[in-house]
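# Understanding the architecture of this molecule
Residues per chain, in single letters:
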Amino acid sequence: MKRVVILGRGAAGKSVLAARLGQVTGLPVIDLDEHFWQPGLNGTPPAEWAHTQSELAGREAWIMDGDLGPYDSALGGRLAAADTVIVLDFSLVRCAWRAVRRSRERGDFWRWLIGYRRRSLPLIQRAIASHAPAADVHVLTSPRAARRFLTLTAGHGKLGS
């Protein structure tokens, strides 16, 4: 495990999992939101985003945390470089509750959150099959499953190997 992509519905806990996985593995964590969103919550233009993501994915080892939903025109690039893909498929109720508690969100965020399993998840599954067919894929459906994954990762010597 040297190049990890973490995807999932908004407020599922991608950043928390990435930070904890980074602690367990020693891999550097790249928060894609920090690289993608510009002032005023404007997204990076597609060509520029593809270039930025290519540079990030070209690094030797990383955990890339972020699911930009309909704004991510370059998902295939980071998937192609990944050896491990983690999809947090937590319930809408859990994620909506977390989103309400953490901050005010725009309407496009809520549309993405609500329609995630119907619209985004099938696209992600196809992208994984197309761009990362040899990657180790983990679909985690609860916080308990995420904790178990972290425990198993730490316990089985998958640290940067």
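Since the structure is predicted, the reported quantities are computational estimates derived from the model, not experimental observations. (Residues numbered from 1 in each chain as written. Predicted model: local features only at pLDDT ≥ 70, side-chain atom pairs only at ≥ 80, totals over all residues. Heavy atoms only, no water.)

## Some remarks on helix H5 (residues 92-102)
Keep this limit in mind: Buried residues are those whose accessible area, probed at 1.4 Å on protein chains only, stays under 20% of the maximum for their type, while exposed residues exceed 50% and partly exposed ones sit between those limits. Working definition: helices are DSSP H or I runs of at least four residues, strands are E runs of at least two. Numbering for both runs from the N terminus. What the arc describes is the spread of directions from the helix axis to the C-beta atoms. Residue contacts are counted whenever heavy atoms from the two residues lie within 4.5 Å of one another.
Buried residues of H5: Cys95, Ala96 and Ala99, and no others. Axial view of H5: buried residues confined to an arc of 100°, hence all on one face. For H5, exposure combined with an orientation more than 90 degrees from the buried face picks out Val93, Trp97, Val100 and Arg101. Of the surrounding secondary structure, the elements contacted by the buried residues of H5 are helix H6 (107-131).

## Quick word on the layout of surface pockets
Note the following rule: A pocket, in this scheme, is an open set of points on a 1 Å grid over the protein atoms alone with protein on both sides within 12 Å along at least 5 of 7 lines, while a cavity is a set where a 1.4 Å probe fits but cannot get out; residues line either one if an atom lies within 4 Å of a point. Grid points are joined across faces, edges and corners, and a volume is the space filled by probe spheres set on the points. Basically, the charged four are Asp, Glu, Lys and Arg, the nonpolar ten are Ala, Val, Leu, Ile, Met, Phe, Trp, Tyr, Cys and Pro, and anything else, Gly included, counts as polar.
Reported here for the largest pocket is a volume of approximately 800 Å³. Around the largest pocket sit 34 residues that line it, and Gly10, Ala11, Lys14, Arg102 and Phe109 are the ones nearest its centre. When contributions to the lining of the largest pocket are tallied by element, the ones reaching two or more residues are helix H1 (14-25), H5, H6 and helix H7 (143-155). No other element matches H1, which puts five residues into the lining of the largest pocket. A per-class count over the lining of the largest pocket returns 16 nonpolar, five polar and 13 charged. Taken as a whole, the second largest pocket holds about 310 Å³ of empty space. Along the wall of the second largest pocket there are 17 residues; nearest its centre are Gly69, Pro70, Trp112, Ser120 and Leu123. Sort the elements by how many residues they give to the lining of the second largest pocket and H6 lands first, with ten residues. Considered class by class, the residues forming the lining of the second largest pocket number nine nonpolar, three polar and five charged.

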